[in-house]
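# Structural features, examined
So the chains spell out like this:
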Amino acid sequence: MGIVGAEVRMPLGEPWRVGKRPYGHSALSSAAACLKGFYLHQSSLGINGELGKKLDKSRLPSRLDRRRSFLGHVKSSLPTNSLAPKGPHRRHPKMLPDGARERLLETVNAARDRLVVTWLADGGLRIGELCGLHLVDLHLRESAACGECRAPHLHVCHRPGNPNRAEAKSKHPWRVEQGIVTGGLIKRVSPAMVHTYFEYVTTEYPRGAGHGMLLVQLHGADTGQPWAPVGARRMLGRAGKRAGLGLVKPHAFRHSFTSAVLDAADGNLLIARDAGGWASAAMVDEVYGHVDVHDPVFDTALRTVWGETK
């Protein structure tokens with residue numbers, strides 16, 4: 001497995017795929033399954049029985065395993081493969097690996113970058129929406145003057161003239177009256193989002209920034225200027241590689257956010273649609289809904305057999 005790209009603690013020389021990239025996580029998992037099947041077949045023929053015994057192991061199924069399998073509620077064990085690569089589990093190719101948020105927050109170095117990770121994870125924002133925010137769009141206290149949402153929130157406004165070329169995809173009507181933004185796409189913010197905002201503004205945000213945008217560059221000749229989405233993407237890519245997560249894309253946060261909302265709402269597409277700001281529930285279901293929505297009959301059978309509650 002090390003020869004085709006798996007990380008192992010022994011010298012195995014160069015990969016045999018000369019001039020090509022090593023196998024990724026999914027390809028390594030498939031190769032490990034094929035290799036295990038080959039060795040088990042050889043063991044059944046009386047060849048290298050010791051290796052066959054080491055590979056022929058099983059584990060208890062998790063709740064997610066039983067939900068994904070046909071007649072999963074009657075399964076008592078699942079095969080395991082010691083040849084398969086270790087690493088963060090990813091429930092769907094478009095979602096973040098499990099624990100990605102915590103590992104990214106430990107890896108990034110700036111308060112601005114912690115804000116980006118937290119706001120993408122908790123707000124389900126697109127990277128263009130986040131980089132296109134202005135300070136006046138943020139109403140981070142209860143009963144704000146706009147009168148459109150009692151809880152702390154922000155207004156996503158479509159501004160095609162932003163200096164960093166970041167603009168929101170949604171084009172809800174909005175306006176500014178006496179310095180107060182109303183309209184746009186209203187999204188609630190979490191306490192963690194408010195905390196990272198004040199940490200960033202009080203430590204790194206430059207005084208006297210005339211553009212009024214939220215995210216700014218922290219280094220180089222353009223320090224203090226609005227931060228472009230490409231800069232945020234590169235920051236997340238570097239942080240993901242340092243954290244051992246591979247390439248992290250901003251849109252993966254949006255997929256994970258939607259799946260988390262669907263899971264918490266028992267698969268209610270309307271709640272997820274409103275939380276993410278989509279035009280239809282069908283898009284949530286077809287594009288972003290990467291959770292296992294199960295019926296009550298299956299849950300009852302599962303609890304009867306395994307004695308578990310949801």
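Scope of this entry: the structure provided in the associated data block.

Rules behind the numbers
Residues numbered from 1 in each chain as written. Predicted model: local features only at pLDDT ≥ 70, side-chain atom pairs only at ≥ 80, totals over all residues. Heavy atoms only, no water. Helix = DSSP H or I, 4+ residues; strand = E, 2+ residues; numbered from the N terminus. Expected span 1.5 Å × (residues − 1). Buried < 20%, exposed > 50% of the residue type's maximum accessible area, 1.4 Å probe, protein only. Arc of directions from axis to C-beta. Contact = heavy atoms within 4.5 Å. Core = buried A, V, L, I, M, F, W, Y, C linked by side-chain atoms within 4.5 Å. Pairing = 2+ DSSP bridges. Axes fitted to C-alpha atoms, helices over the stretch in contact; angles between N-to-C directions. Parallel < 35°, antiparallel > 145°, perpendicular 65-115°, else oblique. Left-handed = near helix turned anticlockwise from the far one by under 90°.

Counted at 1.5 Å a residue, the expected span for helix H7 (residues 191–203) with its 13 residues is 18 Å, and the 18 Å between its end C-alpha atoms agrees. Regarding H7, the residues found buried are Met193, Val194, Thr196, Tyr197 and Tyr200. Down the axis of H7, the smallest arc covering the buried residues is 165°, so these residues share one side. Away from its buried face, by an angle of more than 90 degrees, H7 presents the exposed residues Pro191, His195, Thr202 and Thr203. Summarising the contacts, the buried residues of H7 are in contact with helix H5 (111–123), strand E3 (138–139) and strand E4 (153–156).

The terminal C-alpha atoms of helix H9 (residues 250–264), which comprises 15 residues, lie 22 Å apart, in line with the 21 Å expected from a rise of 1.5 Å per residue. Most of H9 is tucked away: 11 of the 15 residues are buried. For H9, the complete set of buried residues consists of Pro250, Ala252, Phe253, Arg254, His255, Ser256, Phe257, Thr258, Ser259, Val261 and Leu262. Count one or two residues on from H9 and you reach Asp266, which has phi positive near 55°.

In terms of nonpolar packing, the biggest core is built from 44 residues, with Trp119, Leu154, Leu214, Leu215 and Phe253 touching the most fellow members. Only helix H4 (100–107), H5, helix H6 (127–131), E4, H7, helix H8 (229–242) and H9 provide two or more residues apiece to this core. Counting residues per element, this core draws most heavily on H5, which supplies seven residues. Look past the residues within four positions of Leu215 in its chain and what remains in contact with it is Arg112, Leu115, Val116, Leu130, Cys131, Tyr200, Gln225, Pro226 and Trp227.

Turning our attention to the pairing of E4. Judged by which residues are buried, E4 turns out to be covered on both faces: His153 and His155 on one side and Leu154 and Val156 on the other are all buried. One ladder, built from two bridges, connects E3 with E4; its direction is antiparallel. Bridge assignment links Leu138 to a residue of E4, and that residue is Leu154.

Bringing the packing of H4 against H5 into the picture now. The N-to-C vectors of H4 and H5 enclose an angle of 165°; their axes lie 9 Å apart at closest approach. Here H5 runs roughly antiparallel to H4, going by the angle between their axes. In this structure, H4 meets H5 at a crossing whose hand is left-handed. Side by side, H4 and H5 meet where Arg101, Leu104 and Leu105 of the first sit next to Arg114, Val117, Thr118, Ala121 and Asp122 of the second.

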